[in-house]
Amino acid sequence: MGEPVAFRCLTCGRQHAPWSVDDVCPRCGPVAGALEVEYDYPYLSRRLSRGTFAESRRLSLWRYEPLLPVSEKHAVPLRAGWTPLYACPTLAAELGLGALWVKDDTVNPTASCKDRGTAVTVAAARKLGRAALVCASTGNAATSTAGFCAAGGIPCYIFVPRSAPRAKLAQLVAFGATVFPVDGVYGDAFQVAVQAGRRFGWYNRSDGMNPMVVEGNKTGAFEVGEELRCDLPEFALVSVGDGAVVAGLAKGFLELVRVGLAERVPRVYGVQAAGAAAVAHAFARHQEGKPILPAREEAETVADSIRVDRPQDALRAVKAVAKTEGGFVTVTDEEIVAATQELARRTGVFAEPSGAAPYAGLLRLVVEGRIPSGSRVVLFVTGSGLKDPEGALRGVEMPEVIPPTLDAVAEAVEG
Ligand SMILES: *Cc1c(COP(=O)(O)O)cnc(C)c1O
Ligand SMILES: [Zn+2]
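Residues numbered from 1 in each chain as written. Chains lettered and ligands numbered in written order. Predicted model: local features only at pLDDT ≥ 70, side-chain atom pairs only at ≥ 80, totals over all residues. Heavy atoms only, no water.

Helices and strands together make up the secondary structure of the protein chain, namely 16 helices and 13 strands. By the compact-globule yardstick of 22 Å for 415 residues, the protein chain fits well, its C-alpha radius of gyration being 21 Å. Principal axes of the C-alpha set define a box for the protein chain whose edges measure 75 × 45 × 45 Å. When the 415 residues of the protein chain are sorted by exposure, 59% land in the buried category. Taking the contacts inside the protein chain whose residues are at least 6 apart along the sequence as the reference set, 71% of them involve residues at least 24 apart. About 16,500 Å² of surface is accessible on the protein chain, with carbon and sulfur atoms providing 52% of the total. (Helix = DSSP H or I, 4+ residues; strand = E, 2+ residues; numbered from the N terminus. Rg over C-alpha atoms; globule rule 2.2 N^0.38 Å. Buried < 20%, exposed > 50% of the residue type's maximum accessible area, 1.4 Å probe, protein only. Contact = heavy atoms within 4.5 Å. Areas by Shrake-Rupley, 256 points an atom, 1.4 Å probe, with all protein chains shown as cover.)

Next comes the structure, spelled out in structure tokens:
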């Protein structure tokens, strides 16, 4: 049912035949030539009903197969998606919100939201008969690619900046990937991965280089839609590095409307670190009628997954967020570190700093009045705190060691 009808270039508008190009529009090149997978929406809206997905009984993102470009028969065994959506009524009331939900994508197989894009991309590689994958990333997309390739017995080649957290490197090595820590920043790792991929014919899972990634990412929005019976919240917040995740969520919400399952989309807000805000600045330019590209800036933040100097999906992210009438917000590292702890304490969801950044963004948007009181909000929490314990523990006081005696405990408890 979900056969794509075209891969459309976001800049020149050319409709490439589905599967005729792997990555970007050859005429427009990377970033500008991002391709969008299009479906026969009128046909789908006749065929789909709110019950369709529930009937599938698959507890993974493959329950949305009718709206995906590849079918589950090509997928590898790891189970991505269908993650919990937690209601947080006490926190919502304290913030003056009508409702607040946390979408917990830390429980994906490799512990980040990247598994959504990877699941669909690796399935596409198998459908196309590709022998190997390549991925450049700040860490999580690489880890995810390595995990799914391990599950499918597919070789993969990974490029990460040498500054990637050790826990992420450990995951990569454990999955048996060929890992190249690059002496440079993320943008450097990205360039060399593109060149190597072209030279050796590897299928590229890097953000911005493959329209399949966004197709996987959009399933997070479908899940929120299904759980809330298509009564979508007014706001959805997610952190942004390259922009592939926010673009996917926005596309997912927009598609729910296009196929007639939802009435209106949430305003999607991208949250960036103040020190790594290239997409937020590109969005501001777009609002002023100026060109979105090129988007590149120095990037420095404690939140390593969104420490992106040259955002590879800036165009897609800006256009998608604009379509939802959403926006961007930037937060400081102090706010991100505080959010990491507060989110864990208040919801039981332990996120890496990038995963908790939307909580910091929420506090700002509420204070600034950009999210009015009474609004219903969903926060996408994208990566587990166990991915970067050092980042999560910044500014945290560690408990003191005690002797193994009841007296010591009693003294501590009773003072
Ligand atoms: C990748 C990632 C993001 C941001 O996604 P982009 O597509 O790079 O914008 C946010 N949080 C975590 C934990 C991630 O791994
Ligand atoms: Zn083009």
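Back to the write-up after that little detour.
On the surface, Ile-402, Leu-406, Val-409 and Val-413 cluster together to form a nonpolar patch covering roughly 410 Å² of accessible area. Here Val-409 shows up in helix α16 (residues 406–414). Here Val-409 falls in the partly exposed class, since its relative accessible area comes to 36%. (Patch = residues over 30% accessible without salt bridge, like charges linked within 9 Å, V, L, I, M, F, W, Y side chains within 5 Å. Salt bridge = Lys/Arg side-chain N within 4 Å of Asp/Glu carboxyl O.)

Quick look at the sheet that holds strand β7 (residues 156–161) now. For sheets, the rule is that strands pair by backbone hydrogen bonds, running either parallel or antiparallel. Taking strand neighbours across the sheet as the criterion, the four strands line up as β8-β7-β6-β9 in an open arrangement whose pairing is parallel. In this open sheet, the two edge strands, each paired with only one partner strand, are β8 (178–182) and β9 (203–204). With five bridges joining them, β7 and β8 adopt parallel strand pairing. Pairing of Tyr-157 across the sheet is with Thr-178, part of β8. (Pairing = 2+ DSSP bridges.)

Spanning 15 residues, helix α14 (residues 353–367) covers 21 Å between terminal C-alpha atoms, matching the ideal 21 Å at 1.5 Å per step. Judged by how many residues are buried, α14 sits mostly within the fold: 11 of 15 residues are covered. Regarding α14, the residues found buried are Pro-353, Ser-354, Gly-355, Ala-356, Ala-357, Pro-358, Tyr-359, Ala-360, Gly-361, Leu-362 and Leu-365. Residue Gly-369 follows α14 closely and has a positive phi angle near 75°. (Expected span 1.5 Å × (residues − 1).)

The subject of this paragraph is the coordination of the zinc ion (ligand 2). At 2.3 to 2.4 Å from the zinc ion (ligand 2) lie its protein donor atoms, namely Cys-9 (SG), Cys-12 (SG), Cys-25 (SG) and Cys-28 (SG). For the zinc ion (ligand 2), the four donor atoms are set out with angles of 105 to 115° between them, so the coordination reads as tetrahedral. Mapped onto the sequence, the residues coordinating the zinc ion (ligand 2) show the spacing C-x2-C-x12-C-x2-C. Highlighted residues: Cys-12 in the loop between β1 (6–9) and β2 (15–16) and Cys-28 in the loop between β2 and β3 (35–38), separated in sequence by 16 residues. Cys-28 sits in the partly exposed class, given a relative accessible area of 21%. (Donors = N, O, S within 2.8 Å, 3.2 Å for Na, K, Ca; no water. Tetrahedral: all angles 85-135°; square planar, octahedral: opposite > 155°, others 65-115°.)

In terms of burial, strand β10 (residues 235–239) is a largely internal element, five of the five residues being buried. Alternating residues of β10 divide into Phe-235, Leu-237 and Ser-239 and Ala-236 and Val-238, and every residue in both groups is buried. Pairing of β10 with strand β11 (residues 267–273) involves five bridges; the strand directions are parallel. The residue bridging Leu-237 from the neighbouring strand is Tyr-269, located in β11. Across three bridges, the pairing between β10 and strand β13 (residues 376–381) is parallel. Within β13, the residue paired with Ala-236 across the bridge is Val-378.

We now examine the site of ligand 1. Ligand 1 sits among 16 residues. The nearest are Lys-114, Asn-140, Gly-241, Gly-243 and Thr-382. One of the side-chain nitrogen or oxygen atoms of Ser-239 is found 3.4 Å away from a nitrogen atom of ligand 1. A distance of 2.9 Å separates an oxygen atom of ligand 1 from a polar atom in the backbone of Val-245. Computed on the free molecule, ligand 1 has an accessible area of 380 Å², of which 99% lies beneath the protein chains in the complex. (Near = heavy atom within 4 Å. Polar contact = N/O pair within 3.5 Å; in protein donor to acceptor, adjacent residues only side chain to side chain.)

Below, the discussion takes up the pairing of β3. Burial of the side chains of β3 extends over both faces: Leu-35 and Val-37 are buried on one face and Glu-36 and Glu-38 on the other. As defined by bridge partners, β1 adjoins β3 across four bridges and the pair is classed as antiparallel. Note on β3: the bridge partner recorded for Phe-7 is Val-37.

Attention now moves to the state of the cysteines. Evaluated as defined, the whole model comprises zero disulfides. Free cysteine Cys-156: the closest other cysteine sulfur is in Cys-149, separated by 4.2 Å. Given the relative accessible area of 6%, Cys-156 is considered buried. (Disulfide = S-S within 2.5 Å.)

With that settled, the discussion passes to the side chain of Asp-242. Position of Asp-242 relative to the elements: it lies in the loop between β10 and α10 (244–258). One buried charged residue, Asp-242, remains without a salt bridge, the closest side chain of opposite sign being Lys-114 at 7.0 Å. Side chain to side chain, Asp-242 and Tyr-186 meet in a polar contact 2.5 Å long. In this structure, Asp-242 is in contact with Tyr-186, Asp-207, Val-279, Val-308, Arg-310, Pro-311, Gln-312, Asp-313 and Ala-314, ignoring residues within four places of it in sequence. (Lys, Arg positive; Asp, Glu negative; His and termini not counted.)

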